[in-house]
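Remarks on the overall topology
This is what each chain is made of:
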Amino acid sequence: MIKKKVILTGDRPTGKLHVGHYIGSLKNRVKLQNSGEYHPFIMIADTQALTDNARNPEKIQKSLTQVALDYLAVGINPEISTVFIQSQIPALFELTAYYMDLVTVSRLERNPTVKAEIKQKGFNDSIPVGFLNYPVSQAADITAFKATLVPVGDDQEPMLEQAREIVRTFNRVYNCNVLVEPQGYFPEKGEGRLPGLDGNAKMSKSLNNAIYLSDDAKTVEQKVMSMYTDPQHIHVEDPGKVEGNTVFTYLDIFDPDKDKVAQLKEDYQKGGLGDVKIKRYLNTVLEKELAPIRERRSKYEQNTSAVYDMLIEGSKKANEVANQTLQEVRDAIGLNYFKR
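What you are looking at is a predicted structure, and each value in this text was computed from that prediction instead of being measured. The residue numbering used here restarts from 1 in each chain and proceeds along that chain's sequence as written. Confidence filtering applies because this is a predicted model: local features only for residues at pLDDT of at least 70, side-chain atom pairs given and counted only at 80 or more, and all residues used for totals across whole chains, interfaces and linings. Note: side-chain values were computed over all heavy atoms of the structure, leaving out hydrogens and water.

Looking only at helices and strands, one finds 14 helices and 5 strands in the protein. Taken over the C-alpha trace, the protein has a radius of gyration of 22 Å; the compact-globule value for 340 residues is 20 Å, and the two agree within 12%. Only protein chains enter the calculation, and the probe is 1.4 Å; a residue is then buried if its accessible area is under 20% of its type maximum, exposed if over 50%, and partly exposed in between. Here the protein, with 340 residues, has 51% of them falling under the buried criterion. Only heavy atoms enter the contact rule, under which two residues are in contact if any of them lie within 4.5 Å. If you take every contact in the protein between residues at least 6 apart in sequence, the share linking residues at least 24 apart comes to 76%. Put simply, DSSP marks the helices as runs of H or I at least four residues long and the strands as runs of E at least two long, and each gets a number from the N terminus on. Radius of gyration here uses only the C-alpha atoms, and the compact-globule reference equals 2.2 Å multiplied by the residue count raised to the power 0.38.

This is how it looks when you write it as structure tokens:
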């Protein structure tokens, strides 16, 4: 029997997942899962979510099931993938503690992803230590399962590079080969980051500019019709800009009929094609993709106890694997003093 390669990926439970998550990572997870070559460990990162929601834990508690439902809706199969909750795996926190001693504060502060998120969240000089330490925690998550592949959005590459640095440092310092360097698995070029409905560079729950996987058809239509286009394209006959036009960005990503999209772009740029028409067309395209997801989600919502059972079982399996890695790490450092 050929041993499958290991994947580690996950999401923060701070609300329902949106189409940005779907394009940026979820779709690739399902693809890799169904290839038969990989065993995915998919983590609901509740502890990481606490780093900037510690005073509002109810938000995370309420979101756990919602994220799990979104996973099942997009096609994550718990018979193939292990879905688990981060806080239920104690080994992850001990590994984080050991790795923290191998990383400097200045290195954490230079991480581009962390810097961008600190700015977005407006922490200024009030950065929670746990938030700054996120790259170390993520390295623990990845290495605990000896994942070789991590499906993420392209903005997460700096996090993976820091994880690889930690792996190399640990193996060198303790003269071992216990930890495995992870590589990223990224969306196709141009699909890594979906802009928000308002034209903002990133779709985000906090910015309230997202289409959620759980949105009903009417809500999706309303959101599509409110999308940012070309502010200078006032009349139908006016020539319009395609660059920076959110509707065309979505069509490029979601519509498999590239010839149709190319023709729409040409017509829009010449003038004579209105925003309402292209938005209605985009809505049709999105419905083809989202309707099956919405239907599966509705089915799983009828049996949330089974969803909880999935999380319990997945966390048990994840614990077994992470504990094995932890013992190897403790052996390498020399901390298993009473091992017989």
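Here the focus is the environment of D259. Here D259 lies in helix α12 (residues 258-270). On a C-alpha basis, the gap between D259 and P231 in space is 25 Å, while along the polypeptide they are 28 residues apart.

Turning to unusual backbone geometry, a few remarks are in order. With the exception of glycine, most residues fall at negative phi, and the peptide bonds are largely trans. Not every positive phi belongs to a glycine, and K146 is a case in point at roughly 50 degrees. Relative to the assigned elements, K146 resides in the loop between α8 (134-144) and β4 (149-151). By relative accessible area, K146 is classed as partly exposed at 27%.

With that settled, consider the packing of helix α11 (residues 246-254) against helix α13 (residues 275-301). Lines fitted to C-alpha atoms define the axes, with helix axes restricted to the stretch in contact, and inter-axis angles between N-to-C directions lie between 0 and 180 degrees. Packing of α11 against α13 leaves a shortest axis separation of 10 Å and a crossing angle of 35 degrees. Crossing of α11 against α13: the hand is left-handed. From α11, V247, F248, Y250, L251 and F254 reach across to α13, where they touch I278, K279, Y281, L282, V285, L286 and E289. Each residue belonging to the contact of α11 with α13 can be placed in one class, and the counts come to 10 nonpolar, no polar and 2 charged. Each crossing gets its hand from how the near helix is turned against the far one by less than a right angle, where anticlockwise is left-handed and clockwise is right-handed. Throughout, the ten residues Ala, Val, Leu, Ile, Met, Phe, Trp, Tyr, Cys and Pro are labelled nonpolar, Asp, Glu, Lys and Arg are labelled charged, and all others, Gly among them, are labelled polar.

Further remarks concern the pattern of salt bridges. One side-chain nitrogen of Lys or Arg within 4 Å of one carboxyl oxygen of Asp or Glu is enough to make a salt bridge. Tallying each qualifying case throughout the model produces 16 salt bridges. The partner of R107 in a salt bridge is E165, with the nearest N and O atoms 2.9 Å apart. Here E165 lies in helix α9 (residues 157-173) and R107 lies in helix α5 (residues 105-110), a separation of 58 residues in the sequence. A residue is classified by how much of its surface remains accessible, and E165, at 27% relative accessible area, is partly exposed. Between K265 and D252 there is a salt bridge, and its shortest N-O distance comes to 2.9 Å. Taken as a pair, K265 in helix α12 and D252 in helix α11 lie far apart in primary sequence, 13 residues in all. Its relative accessible area of 35% is what places D252 among the partly exposed residues.

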